[in-house]
Amino acid sequence: MANHKTVYEDCDILIVGGGMAGTGATFESRYWGRDMNIVCVEKANIDRSGAVAQGLYAINCYMGTRWNENQPEDHVRYARNDLMGMVREDLALDMARHVDSCVHMFEEWGLPLMKNKEGRYQREGKWQIMIHGESYKPIVAEAAKKSASKIYNRVMITHLLKDESKDNRCGGAVGFNMRTGDFHVFRAKATIICAGGASHIFKPRAVGEGMGRTWYAPWSNGSCYALPILLGAKMTQMENRIVLCRFKDGYGPVGAYFLHLKTYTQNTYGEEYESKWYDQTKEMVGDYIDHHPTPTCLRNHAFLEEVKAGRGPIHMVTMEAFQDPHLETIGWENFLGMTVGQAVVWASQDIDPKYQNPELTTSEPYVMGSHATCSGAWVSGPSDLSPKEYFWGYNRMMTVDGVFGAGDTVGGTAHKFSSGSFTEGRLAAKAAVQYIKDMETKPSVTEKQINNFKEEVFKPLENYTVGRNEITAGTVSPSYILPIQGLQRLQKIMDEYCGGITVGYQCNENQLKKGLKDLGILQEDLENIGAEDLHQLMRAWELRHRALVSQCVTEHTLFREETRWPGYYYRSDKMKLDDENWHCLTLSRRDPETGKFTMEKAPLYHIVDEEQKKAG
Amino acid sequence: MSTFVYMTRCDGCGHCVDICPSDIMHIDPKIRRAVNIEPNFCWECYSCVKACPQNAIDARGYADFAPMGHKVRVLREEEKGTISWKITFRNGTEKNFVSPITTKPWGKHIHKVADAEVPDEAAHDSQLLFNEPDYLKIGDNRDAKLINDDGLPSREKDTFKQGVYY
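Every value quoted in this text rests on a predicted model; they were computed, and no experiment measured them.

Calculation rules
- Residues numbered from 1 in each chain as written.
- Chains lettered and ligands numbered in written order.
- Predicted model: local features only at pLDDT ≥ 70, side-chain atom pairs only at ≥ 80, totals over all residues.
- Helix = DSSP H or I, 4+ residues; strand = E, 2+ residues; numbered from the N terminus.
- Buried ≥ 20, exposed ≤ 12 C-beta atoms within 10 Å, placed from the backbone.
- Pairing = 2+ DSSP bridges.
- Contact = placed C-beta atoms within 7 Å.
- Axes fitted to C-alpha atoms, helices over the stretch in contact; angles between N-to-C directions.
- Parallel < 35°, antiparallel > 145°, perpendicular 65-115°, else oblique.
- Nonpolar A, V, L, I, M, F, W, Y, C, P; charged D, E, K, R; others polar.
- Expected span 1.5 Å × (residues − 1).
- Domains from an automatic or database assignment.

Points about unusual backbone geometry
Following Gly312 of chain A, the chain continues into Pro313 of chain A via a peptide bond in cis, with omega recorded as -5°. Locating Pro313 of chain A in the fold gives a position in the loop between helix H8 (296–308) and strand E12 (315–317). With an omega of 5°, the peptide bond running from Glu132 of chain B to Pro133 of chain B counts as cis. Take Pro133 of chain B: it is sitting in the loop between helix H3 (121–125) and strand E8 (161–162). Within the chain, Met84 of chain A stands out as a residue other than glycine whose phi angle is a positive 60°. Turning to its location among the elements, Met84 of chain A is positioned in the loop between helix H2 (72–82) and helix H3 (89–109). Met84 of chain A sits in the buried class, given 23 other C-beta atoms within 10 Å. The backbone phi angle of Arg396 of chain A is positive, close to 65°, even though this residue is not glycine. Within the element layout of this structure, Arg396 of chain A appears in the loop between strand E14 (376–377) and strand E15 (403–405). In this structure Arg396 of chain A comes out as buried when scored by C-beta crowding, with 31 C-beta atoms within 10 Å.

Some words on the sheet that holds strand E9 (residues 235–236) of chain A
All names here are of chain A. Strand order in the open sheet formed by 4 strands is E14-E9-E18-E19, and the pairing between neighbours is antiparallel. The two strands at the open ends of the sheet, each matched to only one other strand, are E14 and strand E19 (597–602). With 6 bridges joining them, strand E18 (residues 585–590) and E19 adopt antiparallel strand pairing. Pairing of Arg589 across the sheet is with Thr598, part of E19. Lying over the sheet, helix H15 (residues 534–559) contacts E9, E18 and E19, oriented at roughly 135° with respect to E18.

Some points on the packing of helix H13 (residues 483–497) of chain A against helix H14 (residues 509–526) of chain A
Packed helix pairs are characterised by how far apart their axes lie and by the angle those axes make with each other. All names here are of chain A. Direction vectors running N to C along H13 and H14 enclose 170°, while the axes themselves pass 9 Å from each other. Our classification of the angle between H13 and H14 gives roughly antiparallel. Seen from H13, the contacting residues are Gly486, Arg489, Leu490, Ile493 and Tyr497; seen from H14, they are Gln511, Leu512, Lys514, Gly515, Asp518, Leu519, Leu522, Asp525 and Leu526. In the contact of H13 with H14, the residues fall into 7 nonpolar, 3 polar and 4 charged.

Quick notes on helix H4 (residues 136–147) of chain A
Residues and elements named next belong to chain A. Here H4 spans 17 Å end to end across 12 residues, near enough to the 16 Å set by a 1.5 Å rise per residue. By the criterion of burial, H4 is predominantly enclosed, with 10 of the 12 residues buried. Every buried residue of H4 is accounted for by Tyr136, Lys137, Pro138, Ile139, Val140, Ala141, Glu142, Ala143, Ala144 and Ser147. Residues of H4 that are buried in the fold lie against helix H1 (20–32), strand E2 (38–41), strand E3 (56–59), H3, strand E4 (129–133) and helix H11 (417–438).

Quick word on the domain arrangement of chain B
Along its sequence, chain B is carved into domain 1 (1–64), domain 2 (67–104) and domain 3 (113–159). Once you take the C-alpha centre of each, domain 2 of chain B and domain 3 of chain B turn out to be 43 Å apart.

Points about the sheet that holds strand E7 (residues 94–100) of chain B
Pairing within the open sheet is antiparallel, and its 3 strands lie in the order E5-E6-E7 (chain B). At either margin of the open sheet sits one strand with a lone partner, and together these are strand E5 (71–77) and E7 of chain B. For this sheet the average axis-to-axis angle between neighbouring strands, irrespective of direction, equals 10°. The pairing of strand E6 (residues 82–88) of chain B with E7 of chain B spans 7 bridges and is antiparallel. Pairing of Trp85 of chain B across the sheet is with Phe97 of chain B, part of E7 of chain B. Against the sheet, helix H10 (residues 340–348) of chain A makes contact with E5 and E6 of chain B, and its axis sits at roughly 145° relative to E5 of chain B, the strand it touches most.

Okay, structure coming up:
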């Protein structure tokens, strides 16, 4: 280890990950913590990192209270309905009541927001506004750069540090620099986790060279969950993975197509199909199918059933809308602004949606906390909105003191998207400043703990160096597995036993138990992962984080004995939604000493009443 | 698509290495030019293509589902505040698009919060964030009872319910 220098940084606030949530947290930390040392650490380069790296064509969470378009409560009702009742309404309402101020700032900073004839933001749908967001990420990154004491690019955080002076408290984080090979120790009073959700834990549809064409960014490796799980923080709703209905092969977005272009879907015979599956779905989920708008998972369900019945592929009817040159431009720019790959797919396959209705597909599952899904850490809510079970002192603080979360990290707040993630970063930052102001004794981290982590972090390089000498050449070794080999094993286990694409998103108790067994063995083998260089060391740690997230997801899926979100996944041994026993949130905690998970239920509070009438 | 680099255009400046979110653009030590070392971890986000001062990086659709003979080229001009795209289909069809990327001179209007007025204790104790409630522009449609003393939307805790009721 002598060749890896150890670099120490003593921070007040450490922000792990500089995406939408991380830039929001960095910005707001400086406002409240004027003379604090605020450090943001990013695995890539904050100018183009996180899920918004390539841009966005819409901001999907904007209330518009200034024009009396919606109230924050309406958004809670919307998110709750879409998630089949399961959201943390305190967190959701808190995000929704602040989000507009962020969007107004973005406009002031120069983000091009489209306007309608009355000068209001151009709506794509009830919650979405349209933007020219190619530079959304560089713009918010600039705000973070102006606010941070220091930004570290190309440093991957691998572990959180335990405070050794006080139980159940965090003392910062460690990681490595993938350019210099230095080991970085960030001793921090408060740590805000803003790393990404998890792509690539389930086998993707694209294979070989196209493996990276996942819907969610391939660099989002679930560190936002793995870091707190390793430290023993509680997680919630990790079973609630998301499956996306998107354009085939490129996973290009459909939101603007459905909402603004008014395109619609049909089966291969040109028939509407969703209504056909009404009775069957009602049998499974009861009244939830009557809610308006139809929850995303239930629309997926109809899609999957129609394809299973032999009437695929499903097409998006674009030929009508694309005759209007303005709408055609929007259709294309929508991809160029956020999923260039779909434009490439259509150009290569000669698909011009003006003359041909493109095919849709359902993606492999992802685990994340910011889209139409709400997996993540179990955090405290704000004092004025949270029931006692949801409140323990500081907004967005996890069950381990000193660790806060925002964005994909936080469970229970569905539909926050880019603007809501930035908002949540700001909320967490303000609370973290207060936490530090109230702090009596600083955390203490011993050299022993640091050195143990240092050895562990660089072990994959050691494994490779030693094992490589045994063999002549090539990728096959009896002593180590490479990150890509381990990743493919993980994806196969999750796909086959936890509800991936090849089994039609189905799983049952015995499959999940087998999955857990295989994941346990994989964890043992990952002790022997080999990394050829610092880039592969990053891949090795990404995989280790993904594997841990996968265990947590599988434990949760086993625990919730019902099918709450048909179309996202099916517990084929418990095919009905069961409100009597499962109208609650699921919680897990992994014991850092034994590695064992324990599960419990948490009450589900409805803090917003029902105002919208169910569609009849 | 995955990205690739044209041998005669790349001068090895490393802009793509600095920006790639997936850390897959590296400088090859032998040819001293950029190369995509892991095409299967490329999200085709075009960050490297946009960042290349020599226009040396291009993309070719993923071999497992994209036929050859297409092109999607881009030019991002920060000073002009625009991004221009040219899409060429396998059958030769061309489409061109230009969009704005910013409405203001780059970075000039982004708040430097360190220079903002220092918030007082009452602000620290409130639920308000920087520039709130002004920046929220709450409008006049909200029930005044559901706005707290700080001017922020809130709810009465005694109305919260547990369990199924909707």
